[in-house]
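So the chains spell out like this:
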2 protein chains.
Amino acid sequence: MDAPLPELPDPSSWPDVPTIYDVAKACGVAPSTVSRAFSRPGRVKAETAERIRETAAAMGYQANPLARALPTGRSSLLALVVADVTNPFFFDIIRGAEQAATSAGYTLLVADVHESAEAERTAVDRTISLVEGLALATTRMSNSSIRVAAKQRPTVVLNRVLPDVPSLVTDNAGGIEQAVEHLVALGHRTITYLAGPEASWADGMRWRALLKAAEQQTDTVRVRRLGPFSPTQAGGFTAAESYTTSAGSAVIAYNDLMAIGFMRGLARRGVEVPRDVSVVGFDNIFGSDLCSPQLTTVGSPLRHLGTMAVELLLTAIRSRSTDTGPAAAPPARPSLLPTQLIVRASTAPAA
Amino acid sequence: MDAPLPELPDPSSWPDVPTIYDVAKACGVAPSTVSRAFSRPGRVKAETAERIRETAAAMGYQANPLARALPTGRSSLLALVVADVTNPFFFDIIRGAEQAATSAGYTLLVADVHESAEAERTAVDRTISLVEGLALATTRMSNSSIRVAAKQRPTVVLNRVLPDVPSLVTDNAGGIEQAVEHLVALGHRTITYLAGPEASWADGMRWRALLKAAEQQTDTVRVRRLGPFSPTQAGGFTAAESYTTSAGSAVIAYNDLMAIGFMRGLARRGVEVPRDVSVVGFDNIFGSDLCSPQLTTVGSPLRHLGTMAVELLLTAIRSRSTDTGPAAAPPARPSLLPTQLIVRASTAPAA
DNA sequence: ATGAAAGCGCTAACAG
DNA sequence: CTGTTAGCGCTTTCAT
């Protein structure tokens, strides 16, 4: 939404930094030559170029990236939109994306939209024209909004599948299978799933995967479901209150935060992990090795998601400038990234 | 530094989104009228404005924020530069800044510069012309680089004092005093300080404050110093190896991460917290209540730092457009924000 | 190898 | 109230 902008009585808003014209005048050359001296070094006499760069440096000239981006579309900027920077889930995604961007000479801008679809839309609207590519991590925007964005800049979505937009998702089913195998190997026969938010796509995937895993070995494993709960420590704590140990000795939580809260809730009730119940989390976020007992968890390929998102964007960006149009679009198939089970101290053989 | 840009064979880089001219033509009005319909609703006939906005919406027109920012300087964007988004220290700073920015109608862009001064410089160079204000959280840039930035956009630095640039810092001395009082009240008489990186400004402040606090009560408290250590869990773990309980029963760590690592190191050696030694952290980061025992810590006004940084920026931005120039600069005095001691389970009365 | 000129998309003075 | 004009700072043809 375009809120009416305030009046701006003083047009000379920012103090003057030297422009390309200032440098040109100081060097006695045309502005275009200065421009070339920076961006097309080959096309200007070496000696002149050198002189220009020196005086430019002396004057403290810095090309205005905004003005440069307007005609060219090149800002060397990438945006990563996350629902909540302080959710450790995003840590490694950010780290991975950051690193991939940096090593390709790009700067990654992270926009935190505090779980608000509206904030997300305005963040995207405000930044999309500034960046060369856009990665949406667990976006809340509508499919159509995403498509609109994808039409303007190379876009990739994480942890969501969308027919027309390249997407990267965690292999939830595979992860659940790993967890089930682990618990079964430990002798557990009933597994309780602590459900996350109903609206969550990942929650659905994980629960269905668990059901399927159970079907495949009908005689050995039974599953039940508790929830939904908020995907937070508080949610897990609540879950612990309604948990009855009689119904089984193994739990898989929707995510690590819930698992940690759940263990804390159990502790308060005098139930001991892993002696009385084994707990498996999901994602392997920062903090899952801080809690006690340290959490056994299905590690999501978080970092990989981040790097790969950026690499997809870079590929798309490069193909835009070299290829013959939108033909060379990246694969629209969602890529499934594998999980890895991290066994720590919250799981143990069934009594 | 300006790396030579690659050639760009295809000038029509991005697919066409409707421009203001398209809307103008479709409505049979001048482009300036369309512009006004959006940014100066009062100055165009209500009926015309309505019609324009409708067709614009129908065409999917979105003003290009980049093109708008070039002549006006208004992008509704603020940048927050942090050394490492995944360091929980920055969580509440980001949250606070985010929230203040959002409620003022701005979008906050977070740039993670992974502890690299060079990456920080290029991030600042690339974004400064796009944003209306810049907050540097624990920057590694040189004072002169900071000043250069501050000359171009309202700038505020966090946790660093710089004569000419507005700055916000945690009241380290006050925090240390609170910790000392707490430990003394519990009967501890010797306090060991686990030092952080020598280059850290905050580390110096904290250690000196501790020395001073000890001087003020010469007969009751003695302090000693161990370190420097890396300000991480690993650093704390290392510290635990060289720690001798004989030398006292109370420890104040440079920060929470170190404190947590330290406790973990002690545990491995069979030393129990808080029975054998009381540990106080600093900052109250996310995770300080996840570890066990939960950490007693000096809570830094993290969130407050974030909101205040943004508020300072907004004030400066507003005064730029209304006032008579750089006279109405914000106070150059660094503002000291108070800490709050959070007593949890890692401290107990001296044996 | 360099200069001149046109324009990226939008806004803001200046006329009417 | 609305159209016309002139840029914001930079890049990129097109000339020379």
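Conventions adopted
- Residues numbered from 1 in each chain as written.
- Chains lettered and ligands numbered in written order.
- Predicted model: local features only at pLDDT ≥ 70, side-chain atom pairs only at ≥ 80, totals over all residues.
- Heavy atoms only, no water.
- Contact = heavy atoms within 4.5 Å.
- Buried area = accessible area lost by both parts, 1.4 Å probe.
- Salt bridge = Lys/Arg side-chain N within 4 Å of Asp/Glu carboxyl O.
- Polar contact = N/O pair within 3.5 Å; in protein donor to acceptor, adjacent residues only side chain to side chain.
- Buried < 20%, exposed > 50% of the residue type's maximum accessible area, 1.4 Å probe, protein only.
- Helix = DSSP H or I, 4+ residues; strand = E, 2+ residues; numbered from the N terminus.
- Pairing = 2+ DSSP bridges.
- Right-handed = clockwise from strand over helix to strand, strands pointing away.
- Disulfide = S-S within 2.5 Å.
- Near = heavy atom within 4 Å.
- Domains from an automatic or database assignment.
- Phe/Tyr/Trp six-rings, centres within 6.5 Å; stacked < 30°, edge-to-face > 60°.
- Lys NZ or Arg CZ within 6 Å of the ring centre and 35° of its normal.
- pLDDT = per-residue confidence, 0-100.

### A look at the interface of chain B and chain A
Right, on to step 1. Facing 74 residues of chain B, the contacting portion of chain A comprises 75 residues.
Right, on to step 2. Across the chain B/chain A interface, buried area totals approximately 6900 Å², and carbon plus sulfur atoms make up 58% of it.
Right, on to step 3. Taken together, the links from chain B to chain A amount to four salt bridges.
Right, on to step 4. Measuring nitrogen to oxygen at the nearest pair gives 3.5 Å for the salt bridge that ties R95(A) to D112(B).
Right, on to step 5. Summed over the shared surface of chain B and chain A, the number is 19 residue pairs in polar contact (both at pLDDT 80 or more).

### A look at the pairing of strand β1 (residues 77-82) of chain B
Regular strands place their side chains on alternate faces of the sheet.
Residues and elements named next belong to chain B.
Right, on to step 1. With six of six residues buried, β1 lies mostly within the body of the structure.
Right, on to step 2. What you see with β1 is no split at all: L77, A79 and V81 on one side and L78, L80 and V82 on the other are buried throughout.
Right, on to step 3. Bridging between β1 and strand β2 (residues 107-112) involves six bridges; their strand directions are parallel. Bridge pairing in β2 links L80 to V110.
Right, on to step 4. Crossover β1 to β2 through helix α5 (residues 91-103) is right-handed.
Right, on to step 5. Inspection of the sheet shows β1 paired to strand β3 (residues 133-137) by four bridges, in the parallel sense. Bridged to V81 within β3 is L136.

### Some thoughts on the state of the cysteines
Right, on to step 1. Tallying each qualifying case throughout the model produces zero disulfides over all chains.
Right, on to step 2. Between C291(B), a free cysteine, and C291(A), which holds the nearest cysteine sulfur, the sulfur-to-sulfur gap is 11 Å.

### Section: the environment of N64(A)
Residues and elements named next belong to chain A.
Right, on to step 1. Positionally, N64 belongs in the loop between α3 (46-59) and α4 (65-72).
Right, on to step 2. It is 9.3 Å that separates the C-alpha atoms of N64 and V17, two residues lying 47 residues apart in sequence.
Right, on to step 3. Polar contacts involving the side chain of N64 include one to the main-chain amide nitrogen of L66, which spans 2.8 Å.

### Notes on the pattern of salt bridges
Right, on to step 1. Within this structure, the stated rule accounts for 20 salt bridges over all chains.
Right, on to step 2. One salt bridge connects D283(B) with R206(B), and the closest N-O pair in it is separated by 3.4 Å. Of this pair, D283(B) sits in strand β9 (residues 278-283) while R206(B) sits in helix α9 (residues 201-216), and the two are 77 residues apart along the sequence. With respect to burial, D283(B) and R206(B) carry one shared label: buried.
Right, on to step 3. We note a salt bridge from R275(B) to D276(B), for which the minimum N-O separation is 2.9 Å.
Right, on to step 4. Through salt bridges with shared partners, one network takes in D84(A), D112(A) and R95(B).

### Regarding the pairing of strand β6 (residues 190-194) of chain B
Residue and element names in this part refer to chain B.
Right, on to step 1. Burial of β6 is extensive: five of the five residues sit out of reach of the surface.
Right, on to step 2. Across the two faces of β6 the burial is the same, with T190, T192 and L194 and I191 and Y193 all buried.
Right, on to step 3. Bridge analysis of β6 against strand β7 (residues 222-226) gives five bridges, and the strand direction is parallel. Within the sheet, the bridge partner assigned to I191 lies in β7 and is V223.
Right, on to step 4. Pairing between β6 and strand β8 (residues 250-253): four bridges, direction parallel. If you follow L194 over to β8, its bridge partner there is A253.

### Considerations on the protein's contact with DNA strand C
Right, on to step 1. Residues in contact with DNA strand C amount to 28 residues; listed here are only the nearest, T33(A), K45(A), I20(B), Y21(B) and R68(B).
Right, on to step 2. The share of sugar and phosphate among atoms of DNA strand C within 4 Å of the protein is 64%.
Right, on to step 3. R74(B) places a polar side-chain atom, nitrogen or oxygen, 3.1 Å from a phosphate oxygen of DNA strand C.
Right, on to step 4. Listed by contribution, the elements that provide at least two residues to the surface near DNA strand C are α2 (31-39) and α4 of chain A together with α1 (20-27), α2 (31-39) and α4 (65-72) of chain B.
Right, on to step 5. Top element by residues in the surface near DNA strand C is α4(B). It accounts for four residues.

### Brief notes about the domain arrangement of chain A
Residues and elements named next belong to chain A.
Right, on to step 1. In terms of domain boundaries, chain A breaks down into domain 1 (11-63), domain 2 (72-170 + 303-336) and domain 3 (172-300).
Right, on to step 2. Between domain 2 and domain 3, the C-alpha centre-to-centre distance is 31 Å.
Right, on to step 3. Domain 2 puts nine residues into the contact, and the matching count from domain 3 is eight residues.
Right, on to step 4. Summed over the three residues of domain 2 that lose the most area to domain 3, namely P88, F89 and T170, the buried surface amounts to 61% of that side.

### A closer look at the side chain of S300(B)
All names here are of chain B.
Right, on to step 1. When you line up the elements, S300 lands in the loop between β10 (296-299) and α12 (302-322).
Right, on to step 2. At 2.8 Å, the side chain of S300 and the side chain of D283 are in polar contact.
Right, on to step 3. Dropping the residues within four chain positions of it, S300 is found in contact with T170, R206, F282, D283 and T339.

### Side note on the packing of aromatic side chains
Right, on to step 1. Going through the model one piece at a time under the given rule, you end up with 12 aromatic pairs over all chains.
Right, on to step 2. With 5.1 Å between their ring centres and 80 degrees between their planes, F91(A) and F91(B) make a pair best called edge-to-face. With F91(A) in helix α5 (residues 91-103) and F91(B) in helix α5, this residue pair bridges two chains.
Right, on to step 3. Judged by its relative accessible area of 4%, F91(B) falls in the buried class.
Right, on to step 4. On the basis of an interplanar angle of 40 degrees and a centroid distance of 6.3 Å, the ring pair of F286(A) and F286(B) is categorised as tilted. Placement of F286(A) in the loop between β9 (278-283) and β10 (296-299) and of F286(B) in the loop between β9 and β10 is noted, with the two residues assigned to different chains.
Right, on to step 5. Here a set of aromatic residues connected by ring pairs shows up, and it is made of F91(A), F286(A), F91(B) and F286(B).
Right, on to step 6. Over the face of the ring belonging to F282(A) we find R206(A), whose NZ or CZ atom lies 3.6 Å from the ring centre.

### What about the confidence of the model for chain A?
Residue and element names in this part refer to chain A.
Right, on to step 1. Residues of chain A with pLDDT of at least 70 account for 92%, and the chain-wide mean is 90.
Right, on to step 2. Every residue in residues 1-13 scores below 50 in pLDDT, and together they form 21 contacts with partners more than four places removed in sequence or on other chains.
Right, on to step 3. The model gives residues 324-328 a pLDDT under 50, and that stretch makes two contacts with residues more than four places away or in other chains.

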